[in-house]
Amino acid sequence: MSNLSFSPLHVNGMTINNTFSLIKSSVDLAIPVRTNLGVMLDAALTKMIADNESFGQQINKNQKSELTDNLKPLDKVRDATEAEINRTVMFYSKGSDEIKKVAAQKLKLFFTPYWDAASLPQNTQTGVVAEMIGKYKANTELVAAAQALGIIDLIAALETKNNAFDAVYKSRNDEVAGRETSGSSLKPAAIASYNSFCTVMEQAANLMPNDSILALFNNLDLLRKKYHAMEGGSKDTPAPDSAPAK
């Protein structure tokens, strides 16, 4: 039997939020089978849970900003405007007015890749909406179709609201980035506990394997591969983390 070892992952180089999420996901995988892990692995898991909870509390505290509360209503009106545009296009695409039906179908085809933009994380949505409006404004046929449906002003309003959200979002990130810490003081302890847990996990998988341990090992390794791909081998540089997904 070959010696099992985890796939490489430069945890120290990961962003703060990704570090927390990696460890939290690892905990979530281990909890259901912890009674089958043995004393040493269970103790390492307990330490990792405690350190990551403290880490997460500091992240939440340090990323709390008055500007975050301002983002919610801006995002809400942006979503409502986008939804109204979608409803109008769908209504006319099924209507009896042939001119408006053709215009709506043209717009629907264009909007399809962007249709669910409101379900994306807030900062991702901003970029998607900006791209959509930029392409729309550059296409005279799409502008004419919007004119036929009477949604020119709605699309202009969506652009305005998207820009307003983006301005506040960037100000919030600048504020958070300018603080002395952004959860980083407890990051080393959380990483140390995670690394210790992984070390004990490897030892258990090689020396005291059972079905639960081997299954958990494989799931944890898949998780490491996922985060390795996300990080792309990045190094640990201070950067504002993304806002939570909706």
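Our structure's up above, just so we're on the same page.
Residues numbered from 1 in each chain as written. Predicted model: local features only at pLDDT ≥ 70, side-chain atom pairs only at ≥ 80, totals over all residues. Heavy atoms only, no water.

K.L.:
What exactly am I supposed to notice about the environment of Ser 93 here?
P.N.:
Along the polypeptide, Ser 93 turns up in helix H3 (residues 66-93). A relative accessible area of 10% places Ser 93 in the buried class. As for Ser 93 and Ala 104, which are separated by 11 residues in sequence, their C-alpha atoms are 4.8 Å apart. Once residues within four sequence positions are removed from consideration, Ser 93 is found in contact with Lys 101, Ala 104, Gln 105 and Lys 108. A polar side-chain atom of Ser 93 sits 2.7 Å from the main-chain carbonyl oxygen of Met 90. (Helix = DSSP H or I, 4+ residues; strand = E, 2+ residues; numbered from the N terminus. Buried < 20%, exposed > 50% of the residue type's maximum accessible area, 1.4 Å probe, protein only. Contact = heavy atoms within 4.5 Å. Polar contact = N/O pair within 3.5 Å; in protein donor to acceptor, adjacent residues only side chain to side chain.)

K.L.:
What exactly am I supposed to notice about the packing of helix H5 (residues 122-137) against helix H6 (residues 140-149) here?
P.N.:
A pair of packed helices is captured by two measures, namely the crossing angle of their axes and the spacing between those axes. One can describe the packing of H5 onto H6 by two numbers: an axis separation of 6 Å at closest approach and a directional angle of 95°. The angle between H5 and H6 places the two elements in the roughly perpendicular class. Contact residues: H5 offers Lys 135, Tyr 136 and Lys 137, while H6 offers Leu 142, Val 143 and Ala 146. Taken together, the residues of the contact of H5 with H6 break down into 4 nonpolar, no polar and 2 charged. (Axes fitted to C-alpha atoms, helices over the stretch in contact; angles between N-to-C directions. Parallel < 35°, antiparallel > 145°, perpendicular 65-115°, else oblique. Nonpolar A, V, L, I, M, F, W, Y, C, P; charged D, E, K, R; others polar.)

K.L.:
Looking at this structure, I do not really get the packing of aromatic side chains. What am I missing?
P.N.:
The geometry of two aromatic rings is summed up by the distance between their centres and the angle between their planes. Going through the model one piece at a time under the given rule, you end up with 6 aromatic pairs. Between the aromatic rings of Phe 20 and Phe 55, the centroid separation amounts to 6.3 Å while the plane-to-plane angle is 65°, which identifies the pairing as edge-to-face. On the criterion of sequence distance, the pair formed by Phe 20 in helix H1 (residues 16-30) and Phe 55 in helix H2 (residues 39-63) is long-range, its members being 35 residues apart. For Phe 20, a relative accessible area of 25% translates into the label partly exposed. Among the aromatic side chains, those forming a connected cluster through ring pairs are Phe 110, Phe 111 and Tyr 114. A cation sits over an aromatic face here: Arg 78 above Phe 165, 4.1 Å from the ring centre. Directly above the aromatic system of Trp 115 lies the positively charged group of Lys 108, at a separation of 6.0 Å from the ring centroid. (Phe/Tyr/Trp six-rings, centres within 6.5 Å; stacked < 30°, edge-to-face > 60°. Lys NZ or Arg CZ within 6 Å of the ring centre and 35° of its normal.)

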